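Descriptive structure summary
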Protein chains: 2
Amino acid sequence: MRKQVQFFYDSYFKSVPLITMTTLQIINDRVFPQVTKSYEMWNQPPASNSVQTPLFLPLISPKEDGFTAVILAYDRVTSLFQLIKSIDKVPSLRMILVVWNNQKKAFPARNEWPIIEHEWKVIQTSSNKLSNRFYPYNEIKTEGVLSIDDDIIMLTTDEIEFAFQVWREFPDRIVGFPSRLHLWTDDNRLRYESEWKNDISVVLTGAAFYHNYFNYLYSYKMPGGIKAWVDEHMNCEDIAMNFIVSNHTGKAPIKVTPRKKFKCTECATGGSLSLDETHMVERSTCMNHFASLYGVSPLKTISFRADPVLFMDKLPEKRKRFPDIGSL
Amino acid sequence: MRKQVQFFYDSYFKSVPLITMTTLQIINDRVFPQVTKSYEMWNQPPASNSVQTPLFLPLISPKEDGFTAVILAYDRVTSLFQLIKSIDKVPSLRMILVVWNNQKKAFPARNEWPIIEHEWKVIQTSSNKLSNRFYPYNEIKTEGVLSIDDDIIMLTTDEIEFAFQVWREFPDRIVGFPSRLHLWTDDNRLRYESEWKNDISVVLTGAAFYHNYFNYLYSYKMPGGIKAWVDEHMNCEDIAMNFIVSNHTGKAPIKVTPRKKFKCTECATGGSLSLDETHMVERSTCMNHFASLYGVSPLKTISFRADPVLFMDKLPEKRKRFPDIGSL
């Protein structure tokens, strides 16, 4: 309050020239309403926390309310239970939502599920569609969503918590573990590339954080019938999510930690065809199809990943907040 | 063009209900001008590249026009020349600007300087003020600025180029190498902390990228007479820069690569007093003084750093774009 009065005095009344300028400014404002100084400009000191250029608009920070883990499940009950017990230990977890995408087999009875500390719920879907994993369910009360497959049991508590903390800095990006890259071939087509590259442009939603808002975008605003195409082909829902997010924000996703799913076979053989070849061809087809529907490829390439500040530093492990990260 | 016509037809003329709705909308717009649909809303298809929520505003991307290296120099000519030759090799460099902050000794004659590929220029300052390094000189034609001390000769080409690429993703943050942390003591004062911590909140401008806009902010918009204080005490210009950037954007700086300036002495001795103790006390004093002038500490803490995607991965070096990064 005293500060505010001081500001008024310093700005408008301190000296005769200032008073004169203030009066002229007020008259000016009345005569030319289109250039009127706003209420805020008149009343607030200019320095603290004011953003004056569109280049540096602050994002609305995510509330520090933790995240909801959304697990897509079908019938792998053993790994599902193992995953639930593992996620339950992550400090920032708020709730687990299991999307049971199997209509032929009911999910296990309540008493068979592991006993965990956090709230959890199963949602029985009415049809086996991949897009079910990206629905903005009412049960999701947090801004942050961890989308995870029921067989991703290799991630450590440290890795998941760390990824969430990184996502909090970048609520407008997909932040996660497995990454891929799109490249352009000589005949101007997109090629889906493996994880052993210097850049990334896709983070797979089999294990990734993103804002719940993108569930809404994916479910209701996806252009060109991509959603129906994904559900029909039972593939590429993760690529579709990367397309819509990058198209919406103009930004690349962010990869966390060096963990990779496969050994680099091509590194040893010098680039010969791997067992995943069919998979890669299918995924490339998706990319080209989506790009044709968008009219352009909205994917953005980025050349860094996020590691803990002391990652790989030669320090005693107990001095590190996230020691259990990145082992292959 | 055909797409645009298709959009008009689909949006406004496809069916009788649509034509009716369009007509009503136009009347509505005329009657209630305050809710009028904008020109863009009428004419542009909604999906591609439109941002509909303030949560995900895209930044204006930096032009890919490289960066200007601003070297603060006084009399260390040997290391200055070594640094210039080293920076000259960085692919994204556009120009080198040497700020010669010594009024007692003239800078070396033109023929003594190393012969380099890029444009360079020396600016003779009129007084030995630290703030001279943060002036938005007319010579700076790029958005990106690398601020660097004349004795930072240990950084590799890979490290500088990589840091610039990271900065391009985050033009609103200070992105650089040496990092520090602020902590709160029990008696509610700020303590300046070393580089061997799990978090960072300050990136030193002895070797850091930032947007030229912040030179303008530092030179003309710094609150509370901090600029004069810095020049008088010949210290803490880097802390002042971190304060004004974080205050302006609400965001933390970003550390790149694990490189550190000092060995972790306290790690071995279990926290005993090091030779830098006086330095740390002085820097803590700065922090507390600035915080009192701001009325608050605007510094933000962050728990990750940026590494190349393949950093520390067990791959042949030749497959990595930035192999020469992070050695101590």
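Provided above is the structure to which this section pertains.
Read on for a plain summary of the structure. (Residues numbered from 1 in each chain as written. Chains lettered and ligands numbered in written order. Predicted model: local features only at pLDDT ≥ 70, side-chain atom pairs only at ≥ 80, totals over all residues. Heavy atoms only, no water.)

Two descriptors summarise a pair of aromatic rings, namely the distance from one centre to the other and the angle between the planes of the rings. Considering all chains together, one arrives at 39 aromatic pairs over all chains under this definition. Where Trp229 of chain A meets Phe290 of chain A, the ring centres are 5.5 Å apart and the plane angle is 80°; that geometry is what we call edge-to-face. You can see Trp229 of chain A sitting in helix α7 (residues 226-233) and its partner Phe290 of chain A sitting in helix α10 (residues 277-294), a full 61 residues away along the chain. By relative accessible area, which is 16% here, Trp229 of chain A ends up buried. Here the aromatic rings of Phe164 of chain B and Phe209 of chain B are separated by 5.7 Å at their centres, their planes lie at 50°, and the arrangement is tilted. Linking Phe164 of chain B in helix α5 (residues 157-169) with Phe209 of chain B in strand β9 (residues 207-211), this pair joins segments that are 45 residues apart in sequence. The exposure classification of Phe164 of chain B matches that of Phe209 of chain B, with both residues buried. Sitting above the plane of the Trp120 of chain A ring, Arg110 of chain A keeps its charged end 4.2 Å from the centroid. (Phe/Tyr/Trp six-rings, centres within 6.5 Å; stacked < 30°, edge-to-face > 60°. Helix = DSSP H or I, 4+ residues; strand = E, 2+ residues; numbered from the N terminus. Buried < 20%, exposed > 50% of the residue type's maximum accessible area, 1.4 Å probe, protein only. Lys NZ or Arg CZ within 6 Å of the ring centre and 35° of its normal.)

For the rest of this paragraph, the subject is α5 of chain B. What sets the pattern is the α-helix's 3.6 residues per turn: residues three or four places apart point alike. In this model, α5 of chain B (13 residues) spans 19 Å end to end at C-alpha, consistent with the 18 Å of a helix rising 1.5 Å per residue. Taken residue by residue, α5 of chain B has Asp158, Glu159, Ile160, Glu161, Phe162, Ala163, Phe164, Val166 and Trp167 of chain B as its buried positions. (Expected span 1.5 Å × (residues − 1).)

Ranked by internal contacts, the top residues of the largest apolar core, which has 176 residues, are Ile87, Ile96 and Phe290 of chain A together with Ile87, Ile96 and Phe290 of chain B. Ignoring anything within four residues of it in the chain, the contact list for Phe290 of chain B reads Ile226, Trp229, Val230, Cys236, Ile239, Ala240 and Phe243 of chain B. (Core = buried A, V, L, I, M, F, W, Y, C linked by side-chain atoms within 4.5 Å. Contact = heavy atoms within 4.5 Å.)

Residues and elements named next belong to chain A. Taken in spatial order, the three strands line up as β7-β6-β8 in an open sheet, and their pairing is antiparallel. Taken across any chain shown, the strands that pair with only one partner, and hence form the sheet edges, are β7 (190-193) and β8 (202-203). Where strand β6 (residues 179-184) and β8 come together, two bridges link them in antiparallel fashion. Among the inter-strand pairings, Ser179 is bridged to a residue of β8, identified as Val203. Helix-sheet contacts for α10 involve β6, β7 and β8, and the interaxial angle to β7 is about 135°. (Pairing = 2+ DSSP bridges. Axes fitted to C-alpha atoms, helices over the stretch in contact; angles between N-to-C directions.)

Glancing now at the pattern of salt bridges. Pairing between side chains of opposite charge can happen when their charged atoms approach one another. All names here are of chain B. Evaluated as defined, the whole model comprises 26 salt bridges over all chains. One salt bridge in this structure joins Arg76 and Asp150, with 2.7 Å as the shortest N-O distance. In this pair, Arg76 sits in the loop between β1 (67-73) and α4 (77-87) while Asp150 sits in the loop between β4 (144-149) and α5, placing the two residues 74 residues apart along the sequence. Judged by its relative accessible area of 44%, Arg76 falls in the partly exposed class. Between Glu193 and Arg191 there is a salt bridge; the shortest N-O distance is 2.5 Å. (Salt bridge = Lys/Arg side-chain N within 4 Å of Asp/Glu carboxyl O.)

All names here are of chain A. If you check which residues of α7 are buried, you get Ile226, Trp229, Val230 and Asp231. Structurally, α7 contributes buried residues whose contacts are with α6 (212-220), α8 (237-249) and α10. Met234, located one to two residues past α7, shows a positive phi value of around 50°.

It is worth spelling out a nonpolar patch on the surface at this point. Residues and elements named next belong to chain A. The grouping of Met21, Leu24, Ile27 and Val31 at the surface amounts to a nonpolar patch, some 400 Å² of accessible area in total. Assignment of secondary structure puts Met21 in helix α2 (residues 16-31). Given the relative accessible area of 53%, Met21 is considered exposed. (Patch = residues over 30% accessible without salt bridge, like charges linked within 9 Å, V, L, I, M, F, W, Y side chains within 5 Å. Areas by Shrake-Rupley, 256 points an atom, 1.4 Å probe, with all protein chains shown as cover.)

All names here are of chain A. Running from N to C, α6 and α8 point in directions that differ by 105°, and their axes come no closer than 10 Å. Relative to α8, the element α6 lies roughly perpendicular. Residues Tyr213, Phe214, Asn215, Leu217 and Tyr218 of α6 form the contact with α8, whose own contacting residues are Glu237, Ala240, Met241, Ile244, Val245, His248 and Thr249. Class assignment of the residues belonging to the contact of α6 with α8 gives a composition of eight nonpolar, three polar and one charged. (Parallel < 35°, antiparallel > 145°, perpendicular 65-115°, else oblique. Nonpolar A, V, L, I, M, F, W, Y, C, P; charged D, E, K, R; others polar.)

Further remarks concern the environment of Thr257 of chain B. Residue and element names in this part refer to chain B. For Thr257, the position within the fold is in the loop between β10 (254-256) and α9 (265-269). Exposure remark for Thr257: the relative accessible area of 0% places this residue in the buried category. A sequence separation of 68 residues divides Thr257 from Ile325, and the C-alpha atoms of the two residues are 6.9 Å apart. Not counting residues up to four positions away in its chain, the partners in contact with Thr257 are Glu159, Phe162, Phe177, Arg305, Ala306, Asp307 and Ile325.

Residues and elements named next belong to chain B. Two elements, strand β6 (residues 179-184) and strand β7 (residues 190-193), share four bridges in a ladder whose sense is antiparallel. Bridge pairing links His182 to Tyr192 in β7. In this antiparallel pair of consecutive strands, β6 and β7, the connection spans five residues, and Asn188 shows a positive phi of 65°.

Turning our attention to the pairing of strand β9 (residues 207-211) of chain A. Residues and elements named next belong to chain A. Of all five residues making up β9, five are buried, and the element is well covered by its neighbours. Burial along β9 is two-sided: Ala207, Phe209 and His211 and Ala208 and Tyr210, pointing in opposite directions, are all buried. Here five bridges tie strand β4 (residues 144-149) to β9, and the two strands are oriented antiparallel to one another. Bridging across to β9, Ser147 finds its partner in Ala208.

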